[in-house]
Amino acid sequence: MDWDQFDLNPKVIAALKKADIKSVKEILNLSGADLQRLMKLPSADVQCLLKTVSHTLRRNSMLTALQLYQDTDHLTSQHQKLSLGCAVLDNLLKGGIPLVGITELAGESSAGKTQLSLQLCLCVQYPYKYGGLESGAVYICTEDIFPSKRLQQLIEQQRELRADVPAEIIQKIKFGNSIFVEHAADLDTFHNCITKRISVLLARGMVRLVVIDSIAALFRCEFGVSDSVMKARYLQTFGAQLHSLSTRFRTPIMCINQVTDAVSESEAAQCSCSVMDKRVSPALGITWANQLLMRLMVSRLAQPGQSSGAASHHAASVRTLRVVFAPHLPPSSCYYTVKLEGVRGIK
């Protein structure tokens, strides 16, 4: 980085070179106190440095209404997506997961929700050219322990899964170093996590993906049938906080959700999903559904209805990924399998 092109005091430029700081990202990843200690500069100089660097990055961020309408250069988040690491799945979602908004991934146990989420945590670290965001991920566990062994398997098999990416690029990415794991077993811990701890990581540019596994677990034991109003308020509050983070940092929020049996015809009609001949609907009801940008559902493929497209795969290993609703997508679906190297769509 040529620091001389920045409008900075020569003393600050000399300190940057002496501290061997070579990029803007390095500066933004450090706190003010860390920069002071590393560069041996007073607080006022460090604050001036941070302000100048931030201003330079945002210099061309202003857009006219005409530019937003035409969006010929795909400048807005509407056209930028996070790849799922598979061409078939990306084609279903017209590029991947939107950068701004909450995406829900719902389904029964062993349908592949966690597998897809782990794969996203790796995909986000790839260069923009290959559908990534060149940053890390935060994985919030609310019930089970983090599947670290499975993550390590996926990391080791990245060359097999991502044949579209040159091997030297994959080798350079330190996947395990950029996934931050948080555990939040109750609402207070979860609130503290998303309002304080995650905000710091996002502000420093260290992560560009937040995964919550799962959102329903936080509410399962906290509220009874008579507490529906309080439960709805918490859902709205958390939804607003997650939206704020996503919009402010242009970071996709992936919430894993569980399903419940659809006991009424209205629930079944809203869901339009069948899992192994059982009608199910995502947990947390309409209040949570109103917080979502996109709802996806995964399920195992029922044996009698096996399609010709999945005929070459073992029935027990074939799953369905379905778009239930999204502002930019029609209801649609595709088949996929979970293999050692990760999740692969079936053409």
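Residues numbered from 1 in each chain as written. Predicted model: local features only at pLDDT ≥ 70, side-chain atom pairs only at ≥ 80, totals over all residues. Heavy atoms only, no water.

Q: An account of the overall build of the protein chain is needed here, citing residue identities and associated values.
A: Within the protein chain, the secondary structure is distributed over 15 helices and 14 strands. Out of the 347 residues belonging to the protein chain, those deemed buried represent 48%. Within the protein chain, contacts between residues separated by at least 24 positions form 68% of all contacts whose residues are at least 6 apart in sequence. (Helix = DSSP H or I, 4+ residues; strand = E, 2+ residues; numbered from the N terminus. Buried < 20%, exposed > 50% of the residue type's maximum accessible area, 1.4 Å probe, protein only. Contact = heavy atoms within 4.5 Å.)

Q: Which residues make up the pairing of strand β13 (residues 332-339), and what values go with them?
A: Residues in a regular strand point their side chains to alternate faces of the sheet. Where strand β12 (residues 318-325) and β13 come together, six bridges link them in antiparallel fashion. From the neighbouring strand, arginine 322 faces β13, where its bridge partner is serine 333. Linking β12 to β13, which pair antiparallel, is a turn of six residues. For β13 and strand β14 (residues 342-346), the ladder comprises five bridges, and the chain directions are antiparallel. In the strand pairing of β14, valine 338 is matched with valine 343. Here β13 hands over to β14 after two residues, the two strands then running antiparallel side by side. (Pairing = 2+ DSSP bridges.)

Q: Please give an account of the packing of helix α11 (residues 187-203) against helix α13 (residues 228-249) that cites residues and values.
A: The packing of two helices is summarised by the inter-axis angle and the distance between the axes. Close contact between α11 and α13 brings their axes to 11 Å; oriented N to C, the two are set at 5°. It follows from the interaxial angle that α11 and α13 lie roughly parallel. From α11, Leu187, Phe190, His191, Ile194, Thr195, Ile198, Ser199, Leu202 and Ala203 reach across to α13, where they touch Tyr234, Phe238, Gln241, Leu242, Leu245 and Phe249. Residues of the contact of α11 with α13, tallied by class, amount to eleven nonpolar, four polar and no charged. (Axes fitted to C-alpha atoms, helices over the stretch in contact; angles between N-to-C directions. Parallel < 35°, antiparallel > 145°, perpendicular 65-115°, else oblique. Nonpolar A, V, L, I, M, F, W, Y, C, P; charged D, E, K, R; others polar.)

Q: Would you mind going over the nonpolar core in detail, with residue names and values included?
A: If you look at the biggest cluster of nonpolar residues, it comprises 46 residues, and the most contacted ones within it are Leu89, Leu93, Ile97 and Leu321. Ranked by the residues each element gives to this core, the list is headed by helix α7 (residues 113-123), at five residues. Every residue in contact with leucine 93, bar those within four places of it in the chain, is listed here: Lys81, Leu84, Met294, Leu296, Val323, His328 and Leu329. (Core = buried A, V, L, I, M, F, W, Y, C linked by side-chain atoms within 4.5 Å.)

Q: Outline the environment of cysteine 141, supporting the account with residue identities and numerical values.
A: Topologically, cysteine 141 is positioned in strand β4 (residues 136-141). Aside from chain neighbours lying at most four places away, what touches cysteine 141 is Phe146, Val181, Glu182, His183, Ala184 and Asp213.

Q: Quick one: what's the story with the side chain of serine 31, residue by residue and with numbers?
A: Secondary-structure assignment places serine 31 in the loop between α2 (24-28) and α3 (32-39). What makes serine 31 buried here is its relative accessible area of 19%. Side chain to side chain, serine 31 and aspartate 34 meet in a polar contact 3.1 Å long. (Polar contact = N/O pair within 3.5 Å; in protein donor to acceptor, adjacent residues only side chain to side chain.)

Q: Break down the pairing of strand β11 (residues 294-300) for me, with residues and values.
A: By the criterion of burial, β11 is predominantly enclosed, with six of the seven residues buried. The pairing of strand β3 (residues 102-107) with β11 spans five bridges and is parallel. The residue bridging leucine 105 from the neighbouring strand is leucine 296, located in β11. In terms of strand pairing, β11 meets β12 through six bridges, oriented antiparallel.

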